[in-house]
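# Report on the structure
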Amino acid sequence: MMHRTLMVLCTAAAFLAGEGVMNVNDLIRDAYAAGKKEVTIPKGVYRMASSPTAHLSIIAVSNFTVNADGVTIIALDSTDIVQMIDCSNVTIRGLTIDCDPLNFSQGTVINIDPAGAWFEYAVHAGYPVPQGGDIHADIQVYDKETRLWKTNMPTHGIVVTFTGPKSGVWRGTKVNWSSLSGIAPGDLIAFRLRTKGGHGFSLKGSRGCTLDSVTIFNTHNFAVLDHQGGGNSYRNCRVTYGPTPPGAQESRLKSICRDGIHVFNTSPGPHIENCRIEGIGDDGIALHGYYSLIMSGGGRTAVVAAQREPYPFTADSTVAFMRGSDGTEYARLKVTGVTPMSADECTTLQGAIDKLPNYIVPYTRGQMKTFYTLTFDRDITVTAGDLLDVPALNGDHFTIRGNTIKDHRARGMLIKASEGVIENNTIDGSSMAAIVLSPEITGYLESGRSHNVMIRNNTIRNCGYEKATPGSFQAGIISITAYGQSSYAAAGTQSAITIEGNTIERCLGVNLLITSASDISVRGNHFRDTHADLWPRGESRGIDTRSVVWLDRVRSVRFDANTVTSMGEFGSSFVSGSTDISDIQGVSVTRSIRRSASSAFSAEQGKGGWHYRYRGASGSSDMTYTAAKKMWEGPEPYCVIYATVMHPGSTLDAVRSYMADAAARLRITGTAAIAGSGKGSDGVICFILKNDTVIWTEQVPVGTPVKHDIACDVSPGDIINFTVHCGKNNASDATEWDPLIEIRK
């Protein structure tokens with residue numbers, strides 16, 4: 001017995017010294033080869049370099065348990081930390097993982113240039129510093145008192161170039177100051193150091209496996225990535241803040257930089273229970289398939305770009321066809337043949353992706369390198385830029401129960417699957433929505449529509465606090481939706497969803513969004529302390545952000561026994577909706593038409609009632625559209641109008657006009673702000689006029705957005721003019737202003 005104990009201690013010492021890395025792998029491999037059903041790794045801290053693809057690899061193992069209570073692996077490289085490939089019924093229990101160095105830097109803002117050219121920050125002692133000269137970083141800003149994400153600031157897309165250090169201080173330049181308008185000395189910032197790298201636990205082609213009571217402090221990518229298998233379980237796992245690094249006085253601002261548990265192309269879906277995910281840099285739990293992009297087609301064939309390899313379709317797959325414009329499904333066919341394109345054909349087709357008509361190039365464009373000709377069991381008419389989905393691989397039959405997701409960027413849960421349960425979870429402090437059921441045609445092309453899903457007895461608090469995005473489709477704290485590049489999908493795209501017994505409290509903006517759906521039950525939910533501020537998330541999509549619930553393109557929605565307590569001064573109604581809704585039961589709905597300037601922006605004068613003009617001492621005239629710049633131009637330099645920005649000339653005002661087509665009561669809301677740093681601007685004056693009568697005006701200084709919320713009655717032919725007038729000069733007077741008109745006839 002003593003001899004065995006000494007052997008364990010010596011082995012652990014070798015691991016602590018960073019030697020004999022393969023011993024851990026050999027320990028597992030040898031036990032499995034000997035016919036054992038489990039192995040116990042000796043307790044200790046293991047600082048491990050990786051093999052070519054992972055620090056710890058478990059490949060083609062079945063019906064086996066790895067006991068790792070009291071074991072910590074510190075990864076010294078950026079590959080996967082634990083890799084499970086083609087395994088079945090394998091359990092890993094009790095393991096803790098971390099990285100050295102950490103994959104993020106953090107520090108304190110100590111100085112800001114009043115002119116907006118730069119800011120400076122000092123890296124916290126004990127944390128990694130940027131390497132290799134100037135770096136470009138996507139930073140996150142934290143409140144110095146709470147050490148949580150700062151309210152009303154973007155949590156993504158604040159890209160800064162850091163130079164230095166000089167006397168231990170780094171300088172951030174080339175800053176988008178409209179994004180950083182809320183930053184102040186003393187604020188804390190953190191940013192990811194490496195944009196590529198491995199995951200904490202990577203499960204590929206594995207089925208029926210379990211991670212039990214594992215802890216992830218830091219990784220180079222997702223905490224868990226699970227794909228091309230199915231039915232894996234995650235129980236009592238933690239993704240959380242690690243210990244304060246050696247030599248540091250400040251605790252970690254974040255845990256990992258990306259998603260918590262991310263599952264794609266699986267069948268069936270995962271079982272995630274009693275896990276805690278906090279301090280992460282992206283979505284808490286994500287579940288989806290992937291779209292393939294249709295390049296061309298007709299008859300019984302189509303040429304498609306596969307986003308992931310191996311491609312998801314086979315010669316017997318059932319595939320769904322989706323319109324790229326709005327995400328509506330229009331056909332389901334069976335694949336009868338798959339033919340790879342040649343290398344030369346693939347190269348040519350890859351270059352054609354960004355030339356597809358009416359298509360937004362996805363973030364994953366660079367991954368679309370392989371193309372296939374698919375043959376189907378019957379004829380199909382397709383449009384280039386539409387998408388193809390394999391419904392069987394979207395992770396249906398999932399369970400998400402009893403988890404806690406706290407204080408992180410993005411969405412608590414982003415689900416694109418059917419036949420599932422989301423219950424008894426606590427989501428507290430998601431910067432965007434708490435629970436989203438929605439495929440995403442834009443962005444990452446993640447597929448999956450939800451049918452027969454139960455969302456019940458969840459507690460949701462303090463969500464939706466990041467800077468509101470007026471163009472967001474996922475505008476509700478709970479969002480049941482589907483959309484394409486320009487509009488919501490048709491009613492019935494998602495169906496048979498129950499939202500029951502949930503508590504949503506202290507959340508900003510619309511609390512529940514339901515679009516593109518049918519057969520929805522909303523019962524016994526409690527909405528508390530809503531609308532403490534005016535939060536325009538989704539406003540330019542026509543959403544009434546003063547409503548607790550918003551409906552659009554839905555049919556057969558039933559409300560019963562819901563309560564609203566302590567609606568704030570910026571709330572106006574329980575349920576509102578567009579005119580494209582039917583069979584709404586158990587509640588009265590305030591219906592309206594909502595038109596934002598940006599959503600109606602066009603290269604055609606008068607389209608949708610909107611005109612683009614300039615005004616001077618001698619009167620007003622139409623501007624000229626410049627297609628290459630996607631803007632309207634007046635005769636004076638810089639007198640221009642974009643979708644969301646207006647810039648006056650030195651003597652001419654920029655004027656965006658809306659003409660009423662019927663008698664109505666209008667409510668006009670919006671926010672005007674000087675774009676960017678505004679360096680050199682002395683501010684502008686904004687006016688709203690009904691015909692020639694001023695009904696609202698305000699001076700807009702640099703750095704101080706100005707809101708408006710006014711009402712007026714109009715008759716057919718009345719004109720509402722939105723006018724931007726320069727101050728003493730028009731230097732840097734670009735004004736972000738996307739007014740929203742709500743029409744109640």
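A brief look at the structure comes next. (Residues numbered from 1 in each chain as written. Predicted model: local features only at pLDDT ≥ 70, side-chain atom pairs only at ≥ 80, totals over all residues. Heavy atoms only, no water.)

## A look at the overall build of the chain
To keep things clear, this is the line we draw: Numbering of helices and strands runs from the N terminus, with a helix taken as a DSSP run of H or I at least four residues long and a strand as a DSSP run of E at least two residues long. Radius of gyration here is computed from C-alpha atoms only, and the compact-globule reference equals 2.2 Å multiplied by the residue count raised to the power 0.38. Remark: exposure states derive from per-residue accessible area (1.4 Å probe, protein chains only) relative to the maximum for the residue type, with buried under 20%, exposed over 50%, and partly exposed in between. Contacts between residues were defined by any pair of non-hydrogen atoms, one from each residue, lying within 4.5 Å.
Within the chain, the regular secondary structure consists of three helices and 64 strands. Expected size for 745 residues packed as a compact globule is a radius of gyration near 27 Å; at 28 Å, the chain falls within 12% of this value. Dimensions of the chain along its principal axes, counting C-alpha atoms only, are 100 × 70 × 60 Å. Relative to its full complement of 745 residues, the chain shows a buried share of 56%. Pairs at least 24 residues apart make up 72% of the contacts formed inside the chain by residues separated by at least 6 positions.

## A short note on the sheet that holds strand 28 (residues 329–340)
Condition: Two strands pair if DSSP finds at least two bridges between them. Note on geometry: axes are lines fitted to C-alpha atoms, helical ones only across the stretch in contact, with angles between N-to-C directions running from 0 to 180 degrees.
With antiparallel pairing, six strands are arranged side by side around a closed barrel as 25-26-29-28-27-30. Direction aside, the axes of adjacent strands within the sheet are offset by 45 degrees on average. As judged from the three bridges shared by strand 27 (residues 318–322) and strand 30 (residues 387–389), these two strands associate in the antiparallel manner. Across the sheet, the residue bridging to Ala 320 is Asp 389, located in strand 30. Across the sheet, helix 3 (residues 343–352) lies against strand 25 (292–298), strand 26 (301–306) and strand 29 (370–376), angled at about 95 degrees from strand 29, the strand it touches most.

## Side note on the nonpolar core
So the rule is basically this: Put simply, buried Ala, Val, Leu, Ile, Met, Phe, Trp, Tyr and Cys residues joined by side-chain atoms within 4.5 Å make one nonpolar core.
Residues Phe 201 and Ile 514 are the most contacted members of the largest nonpolar core, which totals 82 residues. It is strand 45 (residues 547–560) that provides the largest number of residues to this core, a total of six residues. Residues contacting Phe 201, with those up to four places away along its chain left out, are Val 82, Ile 92, Leu 95, Ile 97, Leu 211, Val 214, Ile 216, Ala 223, Val 224 and Leu 225. Membership of the second largest hydrophobic core comes to 35 residues, among which are Tyr 658, Ile 668, Phe 722 and Ile 743.

## Some details on the side chain of Thr 503
Within the element layout of this structure, Thr 503 appears in strand 42 (residues 503–505). By relative accessible area, which is 13% here, Thr 503 ends up buried. Not counting the four nearest positions on each side in its chain, Thr 503 is found in contact with Asn 458, Thr 459, Ile 460, His 526 and Arg 528.

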